[in-house]
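Listed below are the residues making up each chain.
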Amino acid sequence: MRVTDSVVETEGRMPADGIAAVPGARAWTSAYLRRAALADSTCALAAGAVAARVRFGGPAYLPHAYLGLTCGLPVVWWMSVLLAGGYDTRFIGLGSDEFRRILSAAVNLAAGLAVLSYAAKLDLARGYIAIALPSATVMDLTARYLLRKHLHRRRVRGWCVRRVVAVGHAAAVSRLVTVLRRDTNHGLAVVAACLVDAPEGAEPDGEAGVPVAGVPVAGVPVAGGLCGVAAAVGRFGADTVAVLACPEMDSSRLRELAWELEKTGTDLFVAPALLDVAGPRTTISPVAGLPLLHVDHPELAGAKQAVKSVFDKTSAALALLLTAPLFAVIAISIRLADRGPVFFRQTRIGKDGQGFTLYKFRTMVPGAEQRKSQLAAHNEADGVLFKIRRDPRVTRPGAWLRRWSLDELPQFINVLVGDMSLVGPRPALPEEVASYGGHMRRRLVVKPGMTGLWQVSGRSSLPWEEAERLDLRYVENWSLALDLQILWKTGSAVIRGSGAY
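In short, a report on the structure. (Residues numbered from 1 in each chain as written. Predicted model: local features only at pLDDT ≥ 70, side-chain atom pairs only at ≥ 80, totals over all residues. Heavy atoms only, no water.)

Side note on the overall build of the protein
Working step 1: A tally of helices and strands in the protein yields 15 helices and 13 strands.
Working step 2: Split into buried and exposed, the 501 residues of the protein put 44% on the buried side.
Working step 3: Within the protein, contacts between residues at least 6 apart in sequence are counted, and of these 71% link residues at least 24 apart.
Working step 4: With an accessible surface of roughly 25,900 Å², the protein has 62% of that area assigned to carbon and sulfur atoms. (Helix = DSSP H or I, 4+ residues; strand = E, 2+ residues; numbered from the N terminus. Buried < 20%, exposed > 50% of the residue type's maximum accessible area, 1.4 Å probe, protein only. Contact = heavy atoms within 4.5 Å. Areas by Shrake-Rupley, 256 points an atom, 1.4 Å probe, with all protein chains shown as cover.)

Right, dumping it as structure tokens:
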């Protein structure tokens, strides 16, 4: 189903829900895809020019055939990206699928040129092709990344978002609203809710003139019950409906809702009961006409975990060699501050509940752990964590070590000896593990990591429940590609210093 292109509000006016008034989803997605196509073509033309310059030395020496090939490369590259699904609106601004399709386009184009060259006996200069295609790929990935970051900045201001009507129980809708407000990069904003137990009729709110049918959920107006979803879409100018898991929305009702939304071109999302399981683990298997969701088990052992271990230890050894001079500078700074020990050692719980000694550069005064009980009243973290933004126990060098996460560099030693991974759940304290419920012990089936989803999502600024959810999400969806994504995002998280205290 396609999205509606209706205009939600007059541009420039801020509606009551706090989401910037912009044209419908079709308008901004079309504009984004036009910019993406222009970026793709420009990168291909630039790559062709670079290849021609390097291979042939300049315009004066460029054969006419390669002049035509350079001018035609943008069109060929654009068609390859199109066939690879690089302009699919489902992957705009979120996840790795957009970048994966650019890589797929490059591989397919290289294979196509090889087959065409062999079949037609074309004598293509290998040097030209070997420079043009990799250059186009790198340039285009960079351009797409910059486009995405620009889109994310606009979404922070409330632009380029899909207006969503959430359908389900109040608790599930509240959780969805909280998660979507915390992370705006996905471009979904809940503007109304249709609850299972809400009355079907909706009366205008006397203050804002917004149709409501009950007490707002997480600040979102309730537009009615399950039978009023299509009407709520029209009243709130929504272009997407998200149906959360609830037994009341059975297959018959869901089918009827899909038919209603089809008339207005409104997108329909259906959330399965099994949350935090990513696409690679799920496939739709039609059985006797029923679309059954098949869920693969997470790959927690085997060849891929062996590759992860080799990658971790090799990277840790290389990092220790490269940062050895920095280690010396930090050690001298810590010693000069108070003559105390350089390293801080603490018992943490690793894979399968086994304890190990975690190493960090010391950032607090000696005996800081003994003073913890005296500061309990000032704890700013929830759950079992203990965090104070302006902790009086932190030393002067410790403050900047924490700001830039340099205090965690000695954990490369833990990675090298096999106690930790580069990426994984946060290494937990024994008292934390003692308080775990049954589901939280799931995070102990993998090694803890120096960085992870918790690290790149706000660290200490996150509520305890959200930190738990992110750890479990990592365990359920682990892959080498996810590890590389988290490592990439860790750099920007460290630079921003969000949640580092």
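A word on the environment of Val177
Working step 1: Following the sequence through the fold, Val177 ends up in helix 5 (residues 170–182).
Working step 2: By relative accessible area, Val177 is classed as buried at 2%.
Working step 3: If sequence neighbours within four positions are ignored, Val177 has contacts with Val190, Ala218 and Val220.

Thoughts on the state of the cysteines
Working step 1: The full count for this structure, using the stated rule, is zero disulfides.
Working step 2: Lacking any disulfide linkage, Cys227 is separated from the closest cysteine sulfur, that of Cys194, by 9.8 Å.
Working step 3: For Cys227, a relative accessible area of 56% corresponds to the exposed category. (Disulfide = S-S within 2.5 Å.)

What to know about the pattern of salt bridges
Where charged atoms from two side chains of opposite charge come close, those side chains can pair.
Working step 1: The tally for this structure, following the rule as stated, stands at 13 salt bridges.
Working step 2: A salt bridge links Arg144 to Asp40, with the nearest nitrogen and oxygen atoms 2.8 Å apart. Separated by 104 residues along the polypeptide, Arg144 in helix 4 (residues 126–156) and Asp40 in helix 1 (residues 25–56) bring together distant segments of the chain. The residues Arg144 and Asp40 share a single accessibility class, namely buried.
Working step 3: Glu432 is the salt-bridge partner of Arg426, the closest N and O atoms lying 2.7 Å from each other. (Salt bridge = Lys/Arg side-chain N within 4 Å of Asp/Glu carboxyl O.)

Quick look at the nonpolar core
Working step 1: In this structure, Trp77 and Tyr128 are the most contacted members of the largest nonpolar core, which totals 34 residues.
Working step 2: Within the residue set of this core, elements represented by two or more residues are helix 1, helix 2 (64–83), helix 3 (97–119) and helix 4.
Working step 3: In terms of residue count, the dominant contributor to this core is helix 1 (13 residues).
Working step 4: Residues within four places of Trp77 in sequence aside, it is in contact with Asp40, Ala44, Ile102, Ala106, Leu109, Ala136, Thr137 and Asp140.
Working step 5: By size, the runner-up hydrophobic cluster in this structure holds 28 residues, among which are Ala319, Leu401, Val456 and Ala467. (Core = buried A, V, L, I, M, F, W, Y, C linked by side-chain atoms within 4.5 Å.)

Some points on unusual backbone geometry
Working step 1: For Lys121, which is not glycine, the phi dihedral falls at a positive 55°.
Working step 2: Assignment of secondary structure puts Lys121 in the loop between helix 3 and helix 4.
Working step 3: A positive phi is found at Asp352, a non-glycine position, where the angle reads about 60°.
Working step 4: You can see Asp352 is positioned in the loop between strand 10 (343–349) and strand 11 (355–361).
Working step 5: By relative accessible area, which is 56% here, Asp352 ends up exposed.

Considerations on the sheet that holds strand 7 (residues 267–270)
Working step 1: Taken in spatial order, the five strands of this open sheet run 5-2-1-6-7, and their pairing is parallel. The strands lining the two open edges of the sheet, one partner per strand, are strand 5 (222–224) and strand 7. Strand-to-strand twist across the sheet, computed as the mean angle between neighbouring axes with direction ignored, equals 30°.
Working step 2: Two strands pair when backbone bridges link them, and strand 1 (residues 162–168) and strand 2 (residues 188–195) are joined in this way by seven bridges, in the parallel orientation. By the bridge assignment, Gly168 is partnered in strand 2 with Leu195. (Pairing = 2+ DSSP bridges. Axes fitted to C-alpha atoms, helices over the stretch in contact; angles between N-to-C directions.)

Brief notes about helix 2
Working step 1: In this model, helix 2 (20 residues) spans 28 Å end to end at C-alpha, consistent with the 28 Å of a helix rising 1.5 Å per residue.
Working step 2: Gly72 marks the point of greatest bend in helix 2, at about 40°, and the proline Pro74 comes within the next four residues.
Working step 3: Close packing links the buried residues of helix 2 with helix 1, helix 3 and helix 4.
Working step 4: Looking one or two residues past helix 2, Gly85 carries a phi angle of roughly 85°, positive in sign. (Expected span 1.5 Å × (residues − 1). Bend = angle between axes of the 7 residues up to and from the residue.)

Remarks on the side chain of Thr395
Working step 1: For Thr395, the location among the structural elements is in the loop between strand 11 and helix 10 (396–403).
Working step 2: On the accessibility criterion, Thr395 (12% relative accessible area) is buried.
Working step 3: A polar contact is formed between the side chain of Thr395 and the backbone nitrogen of Gly398, at a distance of 3.1 Å.
Working step 4: Discounting chain neighbours no more than four positions away, the residues touching Thr395 are Asp338, Arg362, Thr363, Met364 and Val365. (Polar contact = N/O pair within 3.5 Å; in protein donor to acceptor, adjacent residues only side chain to side chain.)

Looking at helix 3
Working step 1: Over its 23 residues, helix 3 extends 32 Å from the first C-alpha to the last, a length consistent with the 33 Å expected when each residue adds 1.5 Å.
Working step 2: Among all positions of helix 3, only Glu98, Phe99, Ile102, Ala105, Ala106, Leu109 and Ser117 are buried.
Working step 3: Its buried side turned inward, helix 3 meets helix 1, helix 2 and helix 4.
Working step 4: Positioned one or two residues after helix 3, Lys121 has a phi angle of 55°, which is positive.

What to know about the pairing of strand 11
Working step 1: Pairing of strand 10 with strand 11 involves seven bridges; the strand directions are antiparallel. Note that in strand 11 the partner of Ile349 across the bridge is Gly355.
Working step 2: Between strand 10 and strand 11, which pair antiparallel in sequence order, lie five residues; one of them, Asp352, sits at a positive phi of approximately 60°.

Considerations on the packing of helix 2 against helix 3
Working step 1: Put simply, helix 2 and helix 3 touch, their axes get as near as 8 Å, and they point 120° apart. Judged by the angle between their axes, helix 2 and helix 3 are oblique. In the crossing of helix 2 with helix 3, the sense of the turn from one axis to the other is right-handed. On the side of helix 2, the interface is formed by Val76, Trp77, Ser80 and Val81, while helix 3 contributes Ile102, Ala105, Ala106 and Leu109.
Working step 2: Broken down by class, the residue content of the contact of helix 2 with helix 3 amounts to seven nonpolar, one polar and no charged. (Parallel < 35°, antiparallel > 145°, perpendicular 65-115°, else oblique. Left-handed = near helix turned anticlockwise from the far one by under 90°. Nonpolar A, V, L, I, M, F, W, Y, C, P; charged D, E, K, R; others polar.)

Remarks on a nonpolar patch on the surface
Working step 1: A cluster of nonpolar side chains, contributed by Val75, Trp78, Met79 and Leu82, occupies part of the molecular surface with about 360 Å² of accessible area.
Working step 2: In this fold, Leu82 is placed in helix 2.
Working step 3: With a relative accessible area of 43%, Leu82 lands in the partly exposed category. (Patch = residues over 30% accessible without salt bridge, like charges linked within 9 Å, V, L, I, M, F, W, Y side chains within 5 Å.)

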